[in-house]
Amino acid sequence: MAKVNPNYQKLPGSYLFSEIARRTAAYSEAHPEAKLIKMGIGDVTRPLVPAVIEAMHAAVEDMAKSETFHGYGPEQGYDFLRAAIVKRDFHALGVDIADDEIFISDGAKSDCGNIGDILDVDNVVAVCDPVYPVYVDSNAMAGRAGDYDEAAERWTNIVYMPTTAENGFCPALPEGRADVIYLCSPNNPTGTVLNAEQLKVWVDYANANDAIIMFDAAYERFITEEGVPHSIYEVEGAKTCAIEFRSFSKTAGFTGARCGYTVVPKELVRDGQSLNVMWNRRQCTKFNGASYIIQRGAAAIYTEEGERQIEETLAYYRNNARVIKEGLEAAGFTVYGAVNSPYIWCKTPEGVGSWEFFDKLLTEANIITTPGAGFGPSGEGYVRLTAFGVADATVEAMERIQKLMAK
Ligand SMILES: *Cc1c(COP(=O)(O)O)cnc(C)c1O
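All figures in this text were calculated on a predicted structure; none of them were measured in a lab.

*Asks:* In this structure, what is going on with the overall build of the chain? I would like to understand it.
*Replies:* Of the regular secondary structure elements, the chain holds 13 helices and 17 strands. Computed over its C-alpha atoms, the radius of gyration of the chain comes to 22 Å, within 12% of the 22 Å expected for a compact globule of 407 residues. Expressed as lengths along the three principal axes of its C-alpha atoms, the size of the chain is roughly 65 × 55 × 50 Å. Put simply, the chain has 407 residues, and 53% of those count as buried. A sequence separation of at least 24 residues applies to 74% of the contacts in the chain between residues at least 6 apart. One finds the centroid of the 37 positive side-chain charges in the chain at a distance of 3 Å from the centroid of its 56 negative side-chain charges.

As structure tokens, then:
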């Protein structure tokens, strides 16, 4: 008799976005005239830039001719893209990463989820609270999370590290054991960053304890401030303890096109095994590479023209982030994020829970946000707003909130 993976039975329902959708639909039905502004889900709205579109069109033409047709590509990604990444994303920062330490994929979510394939089930996993849910659920599926405690809203074997305004959104080192530590900077959902000194503490901890840091840098291109590492490998010692995930989704509009990459340094060795060799083996066995057309599109981001064009798109979102931050502050709110991130983490009014505040914004300002509590217990007392919307609607949303709070 076939048996299913019992860990899936332990997963709580994906409550957050379905509950948001349910409450939004119920409100819309009762108030069909309401013009809702969506600031909840983290998807982009600007189209792919012309340089990317042209490169993809040319790649489609390549596929039409036998001389330039591409069948299965290298599982690790095409050399033209790996070389462009190494040059701009690492060598330009003075970081020595080699082409064969880059693994192109169909996005960072898959890689964040799949990386556990090369790790033992007995590792103790530590995550920030609030957290991007993929890190937790993928470990739960692999049997690394223990059991879900409904009352505590926590898995019994996961170490949760509160990251709140109280600790400046920098998690404290865990007291007990932590073997695999997920860090995300710029952070989803809080929009905050870890600076070089803060990251150094984690790198030193990981090296001293033979732990591994899973560093999610999906929002790296939103960094505007000095002193904030764009890559964890800018921190001395990181190549012996960290894997880094990058994505073209939020930085170049690839949420629908699908492309990202993961860096596994050759110096990263645990149990006498090279994780670079293991990840290569894993990818060659289970992955046949990202599409040639999409990788050609991604490579166009690394041309002078492409870079200039995606910077325009990034500037559009950064301006939205500024409008939201300034708008909420003018309405009397305390907000975090926005400066190096498309996310704004807004403190709810004193004594108002995040779902309660979500409902207030939905019903009284017709704005959809994401309740912070949905990202973990320490997200209670916050809501997340995104800067990925249309500029005019973003301005209007802030006017509505200011009017509401002035009542
Ligand atoms: C959006 C996001 C990703 C991944 O996106 P892909 O589209 O799968 O590349 C990864 N990490 C975080 C924190 C994200 O918000």
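*Asks:* What is the right way to look at the UniProt feature "domain: Aminotransferase class I/classII large" (unreviewed entry) in the chain in this model?
*Replies:* What UniProt calls "domain: Aminotransferase class I/classII large" (unreviewed entry) maps, in this numbering, to residues 35–396. For the annotated span residues 35–396, helix accounts for 35% and strand for 17% of the residues, and the straight-line distance between the end C-alpha atoms is 11 Å.

*Asks:* Would you take a moment to explain the site of the ligand for this structure?
*Replies:* The environment of the ligand is formed by 14 residues, the closest being Asp216, Tyr219, Ser247, Ser249 and Lys250. Here an oxygen atom of the ligand and a side-chain polar atom of Asn188 are 2.9 Å apart. Between an oxygen atom of the ligand and a side-chain N or O atom of Tyr219, the distance comes to 2.5 Å. Notes on the ligand: free accessible area 390 Å², of which the protein chains cover 93%. Among the secondary structure elements, those contributing two or more residues to the shell around the ligand are α5 (108–114) and α8 (249–252).

*Asks:* Quick question: what am I supposed to make of the pattern of salt bridges here?
*Replies:* Oppositely charged side chains are able to pair whenever their charged atoms sit close together. Counted according to the given criterion, the structure contains 26 salt bridges. Among the ionic pairs, Lys239 bridges to Glu267, the shortest N-O distance being 3.5 Å. Remark: Glu267 occurs in the loop between β10 (260–263) and β11 (269–270) and Lys239 occurs in the loop between β8 (212–216) and β9 (242–247); sequence separation between them is 28 residues. Of the residues examined, Lys239 reaches a relative accessible area of 17% and is grouped as buried. In this structure, the salt-bridge partner of Arg246 is Glu244, at a minimum N-O distance of 2.8 Å.

*Asks:* Is there a simple way to think about the environment of Asn366 in this case?
*Replies:* The topology assignment puts Asn366 in the loop between α12 (354–365) and β15 (367–368). Taking the C-alpha atoms as reference points, Asn366 and Thr24, separated by 342 residues in sequence, lie 9.3 Å from one another. For Asn366, the residues in contact, after removing those within four places along its chain, are Tyr27, Ala34, Lys35, Leu36, Ile37, Leu361 and Arg400.

What counts as what
- Counting of residues starts from 1 at the beginning of each chain's written sequence and follows it residue by residue.
- A pLDDT threshold of at least 70 governs which residues receive local features in this predicted model, and a stricter bar of 80 or more applies before side-chain atom pairs are shown or counted, although totals over entire chains, interfaces and linings include all residues.
- Hydrogens and waters are ignored; side-chain quantities use all the structure's heavy atoms.
- Strands are runs of DSSP state E lasting at least two residues, helices are runs of H or I lasting at least four, and both sets are numbered from the N terminus onward.
- Using C-alpha atoms as the atom set, the radius of gyration is obtained and then compared with a globule rule of 2.2 Å times the number of residues to the power 0.38.
- Burial classes follow relative accessibility: with a 1.4 Å probe on protein chains only, a residue under 20% of its type's maximum area counts as buried, one over 50% as exposed, and anything between as partly exposed.
- Contacts are assigned to residue pairs with any non-hydrogen atoms lying within 4.5 Å of each other.
- Positive charges come from Lys and Arg alone, negative charges from Asp and Glu alone, with His and the N- and C-terminal ends not counted.
- Where a charge lies is defined by one atom per residue type, namely NZ (Lys), CZ (Arg), CG (Asp) and CD (Glu).
- UniProt positions are given in the numbering used here, feature names are shortened, and annotations may be inferred rather than shown by experiment.
- When we say a residue is near a molecule or strand, we mean one of its heavy atoms is within 4 Å of it.
- N or O atoms within 3.5 Å of each other form a polar contact, as long as, within protein, one can give a hydrogen and the other can take it, and as long as residues adjacent in sequence are counted only when both atoms are side-chain atoms.
- All accessible areas in this document rest on Shrake-Rupley with a 1.4 Å probe, and a residue is counted as covered only by the protein chains that are shown.
- Every case where a carboxyl oxygen of Asp or Glu lies within 4 Å of a side-chain nitrogen of Lys or Arg is listed as a salt bridge.

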